[in-house]
Amino acid sequence: MFSGSPPRNRLLLAALGVLLTRLSCSSLSVPDVPKIAAFFGTKTRYEDVNPHVLRDALSVNTSVLRPPTSERCSPVHLTAVIRHGSRYPTVKNIRRIQRLSELVRREATRGSGGSGTWLQDLQRWENWYTEDMDGQLVMKGREDLHQLSVRLSLLFPSLLCEENMRRISLRSSSKHRCVSSMEAFQEGLQRHWRRRELTHQLDDDLMRFFERCRGYVEGVEKNVTALMEVEKFKHGEEMKTVRRKVEKRLGLHQDALTPDLVEAAFFLCSYELSIKSLHSSWCFLFDEDDAKVLEYKSDLKQYWMRFHGHVINSLSSCPLFHHVFRTLDRAGRPRRSTDAPPEPASILIGHAETLLPLLSLLGLYKDETPPTADNYHSQHGRKPRPPRPIRGRAPDVLLLWFSGRSFRSGLIVPYAANLLFVLYDCQRGPRLQLLVNESPVRFPGLETEDAPLYRDVRAAYRHLLDGCDFHRECEGTSGSRGPNIEL
């Protein structure tokens, strides 16, 4: 009934491909990674929050796949919802970068932080970002997706194999960075198969559902009150402190920098790292305390614009939610010997804006107290939850993942973020495991098992499977269209 593992030599070729990619990357990278690299929010590199993934690429960690040891289980389906890889800045940020570089070149002096050469480097720095780049995938982004596809092929050899190639579903957003990411993912699959062309489908209805949800567009995206917490924090004391420190380090007069320009400098550090693997001089403008404030500002935006902040944020993802479970239903349905085998894998590539609402709808990463403009310190001062032991995971990763508030967008949706639904055929019936960025995560309400029975997962989400009507929710007839502004 199920496809067997591919021949051993094919796995060796795949491992060799990973090794060659890693060697080519290491020759370009700078080992000196900024200490603030894990605080870039959605502009964070995958390896800076998941270092074990690349470090252990040659010894694929199959222990993350944990169906019950008491049952014989075989994986029968994988649905992967993936964010595109590292990209260039969008036009909005490119214009801010240009204004910032002109200001620094024109007015910066040897400020309090200018004892080294980095200030001179900033004054000489030429803005090489052009508006035609506008969010397009960079070479590092292609490597992100190429390596991910190889790792998933090694992790699921019976699903992502040449024999199943024609039955693997591939869909992406129409945005250039997503199309390029899908092409890179396909190249990773083809690298250890005989050369055959794979085709994928553009599906904005599925991967950019948020654009079609009128309740979301009018109630949140275009509603100035929906992001009032972000605006309050942007002009609050924590951000003012960071701004003054940066002005002092640059030798600028007070109020020379706007909050947007401070953020542009912070993002410049992240772009230079993710695009060029460069520890840029822009990084020296910020210490870890500054980075935490700027990360929090970014997290506030993601929380209130895409996540649990407003009910309609998550409900806008109903089409993707139903698509995932319809696919799982078909894969887990009992079949006669004459029936066609199930679809082995569904690969869906979109955006952070695709993943966050779906994760919210699934009930993940929901803190007891939502982040607001007024509770920055209490959000960082909470006692860390003790990590649940996960075999094969480095302690430093566990501490990073579970410390502080659970919603940190950089840990959840960095570049190449992925949400994996793995369906197993087991003796007691189909089971489902959930992984976020290749690490096991338990379904809310089903925390006692790594891979609960699929029928129990469906029961936990019955209210959404029977409801969550996109037209009703997004047109507002259910009463949930407007933003929930009560904390």
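Residues numbered from 1 in each chain as written. Predicted model: local features only at pLDDT ≥ 70, side-chain atom pairs only at ≥ 80, totals over all residues. Heavy atoms only, no water.

**Examining the overall build of the chain**
Point 1. Scanning the chain from terminus to terminus reveals 22 helices and 7 strands.
Point 2. When the 487 residues of the chain are sorted by exposure, 60% land in the buried category.
Point 3. Counting only contacts in the chain whose residues sit at least 6 apart along the sequence, the fraction spanning at least 24 positions is 81%.
Point 4. With the model as given, the accessible surface of the chain reaches about 20700 Å², and the carbon-plus-sulfur share is 51%. (Helix = DSSP H or I, 4+ residues; strand = E, 2+ residues; numbered from the N terminus. Buried < 20%, exposed > 50% of the residue type's maximum accessible area, 1.4 Å probe, protein only. Contact = heavy atoms within 4.5 Å. Areas by Shrake-Rupley, 256 points an atom, 1.4 Å probe, with all protein chains shown as cover.)

**Brief notes about the packing of aromatic side chains**
Point 1. Counting across every chain of the model gives 23 aromatic pairs.
Point 2. Ring centres 5.9 Å apart and planes at 35 degrees place the aromatic pair Phe-233 and Tyr-376 in the tilted group. Note that Phe-233 is positioned in helix H10 (residues 228–234) and Tyr-376 in helix H17 (residues 376–381), a separation of 143 residues in sequence. Summarising the burial analysis for this pair, Phe-233 and Tyr-376 share the class buried.
Point 3. Clustering of aromatic rings is evident, with ring pairs tying together Phe-40, Tyr-88, Trp-125, Trp-128, Tyr-129, Phe-266, Phe-267, Tyr-271, Trp-282 and Phe-286.
Point 4. Lys-43 extends its terminal NZ or CZ atom over the ring of Phe-267, reaching a point 4.2 Å from the ring centre.
Point 5. A cation over a ring is seen here: Arg-306 above Phe-210, with NZ or CZ 5.1 Å from the ring centre. (Phe/Tyr/Trp six-rings, centres within 6.5 Å; stacked < 30°, edge-to-face > 60°. Lys NZ or Arg CZ within 6 Å of the ring centre and 35° of its normal.)

**Overview of the sheet that holds strand E4 (residues 345–350)**
Point 1. Strand order across the open sheet formed by 7 strands is E3-E2-E4-E1-E5-E6-E7, with mixed pairing between neighbours. In this open sheet, the two strands that pair with only one neighbour each are strand E3 (201–202) and strand E7 (439–441).
Point 2. In the sheet, strand E1 (residues 73–83) pairs with E4 via 6 bridges, with the strands oriented parallel. Looking across to E4, one finds that Ala-80 is bridged to Ile-347.
Point 3. The strands touched by helix H7 (residues 176–190) within the sheet are E1, strand E2 (169–172), E3 and E4, with E4 carrying the most contacts at an inclination of about 145 degrees. (Pairing = 2+ DSSP bridges. Axes fitted to C-alpha atoms, helices over the stretch in contact; angles between N-to-C directions.)

**A word on the environment of Pro-414**
Point 1. Tracing the chain through its elements places Pro-414 in the loop between helix H19 (409–412) and strand E5 (418–426).
Point 2. For Pro-414, a relative accessible area of 0% gives the class buried.
Point 3. Apart from residues lying up to four places away in sequence, Pro-414 is in contact with Thr-44, Arg-45, Tyr-46, Val-49, Arg-83, Ser-409 and Asn-437.

**Remarks on the pattern of salt bridges**
Point 1. Counted under the stated rule, the structure contains 41 salt bridges.
Point 2. Measuring nitrogen to oxygen at the nearest pair gives 2.7 Å for the salt bridge that ties Glu-475 to Arg-214. Within this pair, whereas Glu-475 is found in helix H22 (residues 470–475), its partner Arg-214 is found in helix H9 (residues 214–221), the two being separated by 261 residues in sequence.
Point 3. Accessibility expressed as a relative area gives 26% for Glu-475, which makes it partly exposed.
Point 4. Of the residues examined, Arg-214 reaches a relative accessible area of 34% and is grouped as partly exposed.
Point 5. Salt-bridge contacts for Glu-449 lead to Arg-431; the nearest nitrogen and oxygen are separated by 3.0 Å. (Salt bridge = Lys/Arg side-chain N within 4 Å of Asp/Glu carboxyl O.)

**Side note on the environment of Leu-170**
Point 1. Examined against the element boundaries, Leu-170 turns out to sit in strand E2.
Point 2. As for Leu-170 and Met-182, which are separated by 12 residues in sequence, their C-alpha atoms are 8.0 Å apart.
Point 3. Aside from chain neighbours lying at most four places away, what touches Leu-170 is Met-182, Gln-186, Leu-198, Thr-199, His-200, Gln-201 and Ile-347.

**Looking at helix H16 (residues 352–361)**
Helical geometry: 3.6 residues make up each α-helical turn, so side chains three or four residues apart lie on a common side.
Point 1. Of all 10 residues in H16, 9 are buried; the element is thus mostly enclosed.
Point 2. If you check which residues of H16 are buried, you get Ala-352, Thr-354, Leu-355, Leu-356, Pro-357, Leu-358, Leu-359, Ser-360 and Leu-361.
Point 3. Trailing H16 by a residue or two, Gly-363 shows a phi angle of about 85 degrees, which is positive.

**Points about the nonpolar core**
Soluble globular proteins tend to bury their nonpolar side chains together.
Point 1. Core analysis: the largest hydrophobic core is formed by 105 residues, its most contacted members being Leu-250, Trp-282 and Leu-419.
Point 2. Of all the elements, helix H12 (residues 259–276) adds the most residues to this core, at 11 residues.
Point 3. Residues within four places of Trp-282 in sequence aside, it is in contact with Leu-100, Val-104, Leu-122, Trp-125, Ala-265, Leu-268 and Cys-269.
Point 4. Core analysis: the next-biggest nonpolar cluster, separate from the first, contains 32 residues, Leu-159, Cys-178, Leu-189 and Ile-349 among them. (Core = buried A, V, L, I, M, F, W, Y, C linked by side-chain atoms within 4.5 Å.)

**Some details on the state of the cysteines**
Point 1. Overall, the coordinates contain 4 disulfides when judged by the stated rule.
Point 2. Between the sulfur of Cys-73 and that of Cys-426 lies a disulfide, 2.1 Å long from S to S. Its S-S torsion of approximately 120 degrees makes the covalent link between Cys-73 and Cys-426 right-handed. Here Cys-426 lies in strand E5 and Cys-73 lies in strand E1, a separation of 353 residues in the sequence.
Point 3. Its relative accessible area of 21% is what places Cys-73 among the partly exposed residues.
Point 4. Judged by its relative accessible area of 7%, Cys-426 falls in the buried class.
Point 5. The disulfide bridge from Cys-213 ends at Cys-474, spanning 2.1 Å between sulfur atoms. (Disulfide = S-S within 2.5 Å.)

**Some remarks on unusual backbone geometry**
In terms of backbone geometry, most residues other than glycine have negative phi values and most peptide bonds are trans.
Point 1. Positive phi is not limited to glycine here, since Glu-438 has a value of about 65 degrees.
Point 2. Locating Glu-438 in the fold gives a position in the loop between strand E6 (431–436) and E7.
Point 3. Positive phi, normally seen in glycine, also occurs at Cys-468, with a value near 50 degrees.
Point 4. Tracing the sequence through the fold places Cys-468 in the loop between helix H21 (462–465) and H22.

**Thoughts on the pairing of E1**
Point 1. Taken across its 11 residues, E1 has 8 buried, putting it largely inside the fold.
Point 2. Bridge analysis of E1 against E5 gives 9 bridges, and the strand direction is antiparallel. Residue pairing in the sheet places Leu-78 in a bridge with Val-422 of E5.

**Quick notes on the confidence of the model for the chain**
Low pLDDT marks stretches whose predicted atomic positions should not be read closely.
Point 1. Across the chain, pLDDT averages 85, with 82% of residues at or above 70.
Point 2. Considering only residues more than four positions removed or in separate chains, one finds that residues 382–403, a stretch of pLDDT under 50, has 43 contacts.
Point 3. The low-confidence segment residues 478–487 (pLDDT under 50) makes 30 contacts with residues lying over four places distant or belonging to another chain. (pLDDT = per-residue confidence, 0-100.)

**Some remarks on the environment of Pro-452**
Point 1. The residue Pro-452 is located in the loop between E7 and helix H20 (454–460) in this model.
Point 2. Filtering out sequence-adjacent residues up to four positions away, Pro-452 remains in contact with Pro-430, Arg-431, Leu-432, Phe-443, Leu-446 and Val-457.

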